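Working through the structure, step by step
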Amino acid sequence: MDLYFYNTLTKRKDLFKPINPEEIRIYSCGPTVYKDATIGNMRTNIFQDVLRRVLRYNGYKIKHAMNITDVGHLVSDGDEGEDKMLKSAREEHKTPLQIAEHYTKLFFDDLKSLNIETPEIVCKATDHIKEMLEYVEKLVENGYAYETSTAIYFDVSKLDKYPILTNIDVENQKAGARVNVDPEKRNPYDFALWIKAPENHLMKWDSPWGPSYPGWHIECSAMGQKYLGDQFDIHTGGIDLIPTHHENEIAQSKGKCGKIPANYWLHGEYLLINGGKMSKSLGNVYLVKDIKEKGYDPLVYKLFSYSCHYRNKLNFTWEGIDSASKSLERLRNSYQTNLNGTDELSDEDRTKLSQIEENFHKAINDDLNMPLAMSFVWEAARFEKKNPEVAKLLSKFDTVLGIKIDEINSKKEEIPQVKQNNPPSDKEDNLNRDKADESEQKDENDKNLNNQDLDEGQIIEDKNNEVTVQDESSQESDEDSDYNNQDLSEETSKGYTCNICKDPKCPRQKGDLRIYCIHYKENKDKNKDNKDK
């Protein structure tokens, strides 16, 4: 079955054609281990985990490398400011090594809690100083880098095109308008490959340019090439890495070997918190341990993430987590019920199950469309006949989901009552939305409106490219609310004929929440006219 990914490089959904069908090579940008990874960081790791699992579901073997940044990532995400590792070490009164070891362990503990597979290769930046230094020396030799009094810079003017993933007009960009300019730089967008260290700098290594340390971008190019070669299949990361880190990785690779390092570039969108940006100042930075402390299985968050396509913003709410918790419980109950079921399956039943499996496969192969895939998981879970063959199918689906569907639900811990209809104050709400707007990058043409319910009594609401889960009880009780609450039928979630009028000409036949049923609209207008009369 064909497999498609949305490719940031080509800006379209491309058919996946591996370099070597025997082994798919993937590089993922891992964490900078100077603080706790948030649930926003974990959303990216969940998307990358699904990618691995989908590739394996399609019969591929995987060689996956992920870096651990423990030096060189400056607080500006560019060439200015203090190294994040040193800043954290100073604030916590520890050495950079102690900081790295502590937060690396916490990161992998979180991956384990979320049943996220560890890549085959995990590579630390500080273990690859030699490879990075050789890479920079080659760039200098090839004429793509130059020395200043503070650093070795990459010269973007030497490239035939820069940038590639984004549409920034470098030629007409006013210097200093959006980038900090070192007066010794030849071009405003030149970036540091190697940085000369002050005398009291804790993390530095000998080099042809004296004691110094690597820039942020060089580590991924050096380690990617070492473990995966000059070119590999897929590069992944968060959407925030596109305009800086990934553009510069491509530049470095073209400067050294004349090639773009990966054929497919996949990026996960932001996680919002109650409609706004996650921020320490707003007190809404959540970690996996916060989900645990509220009494939830951390896999609830993984299931919650499947309510939204990885390329759409996902709005985190505790109401949504509570709904996902009930859903996980019901999926596991369904597995156990079917495992011990004694209903006989007819040939027709087996044909239906086979069709469900095929539909699930098509969904995950369509750019990892997990919301749509979940609709078929629920179809299997709610299958009328209870039989071990249905349990076997659910178990197969779980090789992609990774939610341990075969586990027996443990005794529920006390979970705090979730308050309904308790929005932030107007001031907080406006602040959150203003900040969210600053980072919003719409992709309306490829947007997926998948209306699968996480749980009975819950609806998926998609507005302004943001997806949230809300209780039906929190919706308005007028006719429009009654109308929208019908969108959860199995027919609509799978894109069949409109479940209200059954008219094949109705524009709702594709299950689009934004389109009214033509007959419902007509009747509503007639009723309104009658009331006016």
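In what follows, the accompanying structure is described. Because the structure is predicted, anything quoted here is derived from the model rather than measured.

If you check helix α12 (residues 388–401), its first and last C-alpha atoms are 19 Å apart, about what 14 residues at 1.5 Å a residue would give, namely 20 Å. Turning to α12, its buried residues are Val390, Ala391, Leu393, Leu394, Phe397, Asp398, Val400 and Leu401. What you see down the axis of α12 is that its buried residues fit within an arc of 155°, all on one side. By the N-cap criterion, in which a side-chain oxygen at the helix start approaches the backbone nitrogen of a residue two or three places on, α12 is capped by asparagine 387, the distance to glutamate 389 being 2.8 Å. Phi turns positive, to about 65°, at glycine 402, one or two residues after α12.

It is generally the case that most residues other than glycine have a negative phi and that most peptide bonds are trans. Between tyrosine 162 and proline 163 the backbone carries a cis peptide bond, its omega angle lying at -5°. At lysine 11, a residue that is not glycine, the phi angle is positive and equals roughly 60°. For lysine 11, the position within the fold is in the loop between β1 (4–7) and β2 (12–15). The exposure class of lysine 11 is partly exposed, given its relative accessible area of 38%. If you check the backbone angles, asparagine 115 has positive phi at about 55° while not being a glycine.

Moving on: the environment of proline 243. One can find proline 243 in helix α6 (residues 242–257). Taking the relative accessible area as the measure of exposure, proline 243 reaches 36% and is therefore partly exposed. For the pair formed by proline 243 and isoleucine 168, sequence separation is 75 residues and the distance between their alpha carbons is 8.6 Å.

How each quantity is defined
Residues numbered from 1 in each chain as written. Predicted model: local features only at pLDDT ≥ 70, side-chain atom pairs only at ≥ 80, totals over all residues. Heavy atoms only, no water. Helix = DSSP H or I, 4+ residues; strand = E, 2+ residues; numbered from the N terminus. Expected span 1.5 Å × (residues − 1). Buried < 20%, exposed > 50% of the residue type's maximum accessible area, 1.4 Å probe, protein only. Arc of directions from axis to C-beta. Polar contact = N/O pair within 3.5 Å; in protein donor to acceptor, adjacent residues only side chain to side chain.

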